[in-house]
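Structure assessment
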Amino acid sequence: MNNQQPTSRLDINSGRKQELTAPTPQNTPINPAPITSNYRPSISSISEDTITATTEKDNNNNPDASNLTGAFTSNPALISMLQGKLGNLVGRRSGYVHSLPSSVKRRIHGLQHFQAKHAELEGKFQEEVLALEKKYLELYTPLYNKRAEIIVGGYEPTDEEVRLGEKVDQDEEDEEEEEEKGKEKEDLTTTKEDEVTNDMVGIPEFWLTALKNHPQISETITELDELVLKHLVNIRMSYMDKPGFKLHFDFAENEHFTDKTLTKTYYYQEHAYGGDYVYDHAEGCDIHWNEGKDLTVKVETKKQRHKGTNKTRVVKRTVPAETFFAFFHPPSFPDDNTELDEEEAEGLDAKLEVDYETGEEFKDKIIPHAIDYFTGKALEYEDFPAEDEFEDEFYEDDEDDEDDDDEESDDDDDDDDGKQTTKGENAPECKQS
């Protein structure tokens, strides 16, 4: 089901929650553009060309009309007032339904009754779908547990399991790839004895590789994150009594934090609307970092110069850092008394949407198909844009670079309060840096 239903978002004027279109809990959201219609039965369509032609005709027949047009163009305050009045009309009903005869209105109310009955059935349908998902998660769990044992080296697949796995792989490859795979098998056979003596246990860095093969999630993983995610041994999920699901990230013992499991919980509203559960909010967890190992913050160092004495000092401050582990501190709505401007509200909406989509990716794709992301096969059937689908455009902006250099030079002069610095004054500072 790809239909979407309203959920909470921020009103850009008041900073409060209002209804927003949210994805379904079964599918990763595709965010289709809403279908709208500007058709009004009693109003003919008016184009910009029609307005222009009408205005020219009026100006020719009535010289005062031309003066009126000039009054609009020369009075920005009047134009702004009219735009505000017209803006208040956006989204209002045309009055068409209200103007219909009572007999037609009666039939419309009848349709609304049947639509309400349909919504009730959709709600029951969604409840049964959620129950079915919980049932099959219990059936999947033994397979996930066996996968986790193989990854950490607690279980070795039998020859029969390996043979069946190879058969599945061969059925999905073309002849050319099968030939290449045959050569790889020969190489593996010759080095089998060497592998027996190898100390490698399980499948090292399985989950790190799988996450790095996911185009969206890989963008959030830094080099420092990789040092921690190497110790990630399992990702699993569970359902709760309330509508929603919880993600569990299990880690082996490591030097970065003391936690064995990090969790992220996604809650839906209590009842389904229009056949789908609606996303409500998410909750992360606290990470108990060891001293000096916290990847969620970084220390910025800035040199400041005193305008009076010309002395410098070094100021340090802690700021949030870009890291995969920010996933466990999801964005949230501010207090009811907090108002956000339009830019802040839109930014928060975008963060909430990305956070929800990431949770759905773990739930519906990465956990069920982890081996496909590890091998990279998932990229073959996922609808991800390929690198060659983007066109590179090159611009000659040498002149712009020169202008930027000039502006930077001007900024340096301003930092020195307009005073020219001698070569001797610059020398110690350069030596220090």
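For the structure given in this document, a descriptive report is provided here. In this text the structure is predicted, and so the values were computed from the model without any measurement. Residue indices begin from 1 for each chain and proceed along its sequence in written order. Since the coordinates come from a predicted model, pLDDT governs what is reported: local features require at least 70, and pairs of side-chain atoms require 80 or more to be given and counted, while whole-chain, interface and lining totals use all residues. Side-chain figures throughout are based on the complete set of non-hydrogen atoms in the structure, without hydrogens or water.

1. Focus on the pattern of salt bridges
Each salt bridge in this description consists of a side-chain nitrogen of Lys or Arg and a carboxyl oxygen of Asp or Glu lying within 4 Å of one another. Tallied over the entire structure, the rule returns 7 salt bridges. One salt bridge connects R236 with D250, and the closest N-O pair in it is separated by 2.7 Å. Here R236 is found in strand 3 (residues 232-239), whereas its partner D250 is found in strand 4 (residues 244-251), with 14 residues between them in sequence. For D250, a relative accessible area of 13% corresponds to the buried category. Only DSSP runs of H or I covering at least 4 residues are called helices, and only runs of E covering at least 2 are called strands; the numbering of each starts at the N terminus. Note on classification: 1.4 Å probe, protein chains only; a residue is buried when its accessible area is under 20% of the maximum for its type, exposed when over 50%, partly exposed between these limits.

2. Remarks on a nonpolar patch on the surface
Only residues above 30% relative accessible area that lack a salt bridge enter a patch, with like-charged residues linked at up to 9 Å and the nonpolar side chains Val, Leu, Ile, Met, Phe, Trp and Tyr linked at up to 5 Å. Using the Shrake-Rupley algorithm and a 1.4 Å probe, accessible areas are obtained, with residue cover drawn only from the displayed protein chains. Together, L132, Y136, L139, Y140 and L143 line one region of the surface with nonpolar side chains, adding up to about 510 Å² of accessible area. Considering the arrangement of structural elements, one finds L132 in helix 4 (residues 102-152). The partly exposed category is assigned to L132, whose relative accessible area is 46%.

3. A short note on the pairing of strand 8 (residues 312-320)
In this analysis, strands are considered paired if DSSP registers two or more bridges between them. The pairing of strand 7 (residues 297-305) with strand 8 spans 9 bridges and is classified as antiparallel. The residue bridging V297 from the neighbouring strand is P320, located in strand 8.

4. Remarks on the environment of E283
The residue E283 is located in strand 6 (residues 279-283) in this model. Separated by 45 residues in the primary sequence, E283 and F328 have C-alpha atoms spaced 7.7 Å apart. Apart from the residues lying within four places of it in its own chain, the contact partners of E283 are T263, K264, T265, Y267 and P330. Whether two residues are in contact is decided by their heavy atoms: any pair within 4.5 Å suffices.

5. Brief notes about the sheet that holds strand 4
Spatial ordering of the open sheet is given by 3-4-5-6, a layout of 4 strands whose pairing is antiparallel. One side of each edge strand has no neighbouring strand; the edge strands of this open sheet are strand 3 and strand 6. With strand direction ignored, the average angle separating the axes of adjacent strands in the sheet is 15°. Sheet topology note: the strand 5 (residues 261-268)/strand 6 ladder contains 4 bridges and is antiparallel. What sits directly across from Y267, in strand 6, is H281. Where helices are involved, their axes are fitted lines through C-alpha atoms of the stretch in contact, as for all axes, and angles between N-to-C directions lie from 0 to 180°. Relative to the sheet, helix 11 (residues 342-366) contacts strand 3, strand 4, strand 5 and strand 6, its axis offset from that of strand 4 by approximately 70°.

6. Description of the packing of aromatic side chains
Aromatic pairs are defined between Phe, Tyr and Trp rings, using the six-membered ring for Trp, whenever the two ring centres lie within 6.5 Å; interplanar angles under 30 degrees are classed as stacked, those over 60 as edge-to-face, and all others as tilted. By the definition in use, this model includes 22 aromatic pairs. Ring centres of Y266 and Y279 lie 6.3 Å apart, and the angle between their planes is 45°; this geometry places the pair in the tilted category. Highlighted residues: Y266 in strand 5 and Y279 in strand 6, separated in sequence by 13 residues. Like Y266, the residue Y279 is buried in the burial classification. Pairwise contacts between aromatic rings join F249, F251, F257, W289, F324, F325, F327, F328 and F362 into one cluster. One cation-aromatic arrangement involves K264 over F327; the distance from NZ or CZ to the ring centre is 3.5 Å. Charges are assigned to positions over rings by a cutoff of 6 Å between ring centre and Lys NZ or Arg CZ, combined with an angular limit of 35 degrees from the ring normal.

7. Considering unusual backbone geometry
The phi dihedral of E205 is positive, around 55°, even though this residue is not glycine. Secondary-structure assignment places E205 in the loop between helix 7 (192-196) and helix 8 (206-212). By relative accessible area, E205 is classed as partly exposed at 35%. The phi dihedral of N310 falls on the positive side, at around 65°, and the residue is not glycine.

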